[in-house]
Amino acid sequence: MSDLPETGPVPAPGGLLVEPIRVLVVDDHALFRRGLQMVLEQEPDIEVVGEASDGAEAVTTAAETLPDIVLMDVRMPKRGGIDACTAIHETVPSSKIIMLTISDEEADLYDAIKAGAMGYLLKEISIEEVASAIRAVHGG
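Residues numbered from 1 in each chain as written. Predicted model: local features only at pLDDT ≥ 70, side-chain atom pairs only at ≥ 80, totals over all residues. Heavy atoms only, no water.

## Considerations on the overall build of the protein
In plain terms, the rule: Secondary structure elements follow DSSP: runs of H or I of four or more residues count as helices, runs of E of two or more count as strands, with numbering from the N terminus. Three exposure classes are used, based on accessible area relative to the maximum for each residue type with a 1.4 Å probe and protein chains only: buried under 20%, partly exposed in between, and exposed over 50%. Method for areas: the Shrake-Rupley scheme with a 1.4 Å probe, in which residue coverage is limited to the protein chains shown.
Of the regular secondary structure elements, the protein holds 5 helices and 7 strands. Expressed as a percentage of the 140 residues in the protein, the buried residues total 43%. Of the accessible surface of the protein, which amounts to about 7500 Å², a share of 56% is contributed by carbon and sulfur atoms.

## Re the packing of aromatic side chains
The test is simple: To pair, rings of Phe, Tyr and Trp, with the six-membered ring standing in for Trp, must have centres within 6.5 Å; the planes then decide the type, stacked if under 30 degrees apart, edge-to-face if over 60, and tilted in the middle. Here, a charge over a ring means that NZ of Lys or CZ of Arg falls within 6 Å of the ring centre while also lying within 35 degrees of the ring normal.
Inspection of the entire model under this criterion finds 0 aromatic pairs. Sitting above the plane of the F32 ring, K123 keeps its charged end 4.5 Å from the centroid.

## Some thoughts on the sheet that holds strand β4 (residues 46–52)
Rules: Whether two strands pair depends on DSSP finding at least two bridges between them. Here the axes come from fitting lines to C-alpha atoms, over the contacting stretch only for helices, and the angles between their N-to-C directions go from 0 to 180 degrees. Two residues form a contact once any of their heavy atoms are found within 4.5 Å.
In space, the 5 strands of this open sheet follow the order β4-β3-β5-β6-β7, with parallel pairing throughout. Each edge of the open sheet carries a strand with a single partner, namely β4 and β7 (119–122). Going across the sheet, the axis of each strand differs from the next one's by a mean of 25°, ignoring polarity. With respect to the sheet, helix α1 (residues 30–41) is in contact with β3 (21–26), β4, β5 (69–73) and β6 (96–101), its orientation differing from that of β4 by roughly 170°.

## Quick look at the environment of I21
Along the chain, I21 falls in strand β3. Residue classification places I21 among the buried residues on the basis of a relative accessible area of 6%. Sequence-wise, I21 and V49 are 28 residues apart; in three dimensions their C-alpha atoms are separated by 9.4 Å.

## Description of helix α2 (residues 55–65)
For clarity, the threshold we go by: Pairing of N or O atoms within 3.5 Å defines a polar contact, subject to two protein rules: one partner must be a possible hydrogen donor and the other a possible acceptor, and residues neighboring in sequence count only if both atoms are side-chain atoms.
Of the residues making up α2, those classed as buried are G55, A58, V59, T61, A62 and T65. Buried residues along α2 sit in contact with β3, β4, β5 and α3 (81–91). A distance of 2.9 Å separates the backbone nitrogen of A56 from a side-chain oxygen at the start of α2, and that oxygen is part of D54.

## Considering the confidence of the model for the protein
Selection criterion: pLDDT gives the predictor's per-residue confidence on a scale running from 0 to 100.
On average, residues of the protein score 87 in pLDDT, and 88% of them reach the 70 mark or higher. Scored below 50 in pLDDT, residues 1–5 makes 10 contacts in the model with residues more than four places away or belonging to other chains.

## Examining the environment of V130
Mapped onto the elements of the fold, V130 is located in helix α5 (residues 127–138). Distance in space between the C-alpha atoms of V130 and L36 is 8.6 Å, their sequence separation being 94 residues. Look past the residues within four positions of V130 in its chain and what remains in contact with it is L36, L40, L71 and I125.

## A look at the nonpolar core
Rules: Put simply, a nonpolar core is a bunch of buried Ala, Val, Leu, Ile, Met, Phe, Trp, Tyr and Cys residues held in one set by side-chain atoms that sit within 4.5 Å of each other.
Membership of the largest hydrophobic core comes to 21 residues, with the highest contact counts inside it found for V26, V70, M72, C85, I88, I97 and M99. Those elements giving two or more residues to this core turn out to be β3, α2, β5, α3 and β6. Excluding its chain neighbours within four sequence positions, the residues that come into contact with V26 are A52, D54, A58, V70, L71, M72, D73 and M76. Formed by 17 residues, the second largest nonpolar core is a distinct cluster that contains I46, I69, L100 and V137.

Structure follows, in structure tokens:
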């Protein structure tokens, strides 16, 4: 589990209270994970519920935390993101997966979508685009 704070319902447009989008951050670089967490903590409608450093840990953590969205690196040790994407999709079918990568190779994109990823982001995107992508994928 994580030492991350738990939040409750947050205001949505129109004044309704909604549950925040629960996000699991998966990357083999601790500094990148922490940076994503810090960025996402600034968003009132997004809650980081856990983090993992490789694909194997991602599958276990996803099963424990039941995130709405998994932000996951494509290339990691022990178990890569594509393989973990398939396993998470089978274990927690309600979770939607967004792959993060430095690679713009079409083969990686194709493999990620084939494995069940709903989004594919290059790590060079702006901070604002990360939160927007989470909301877009969460909304379908």
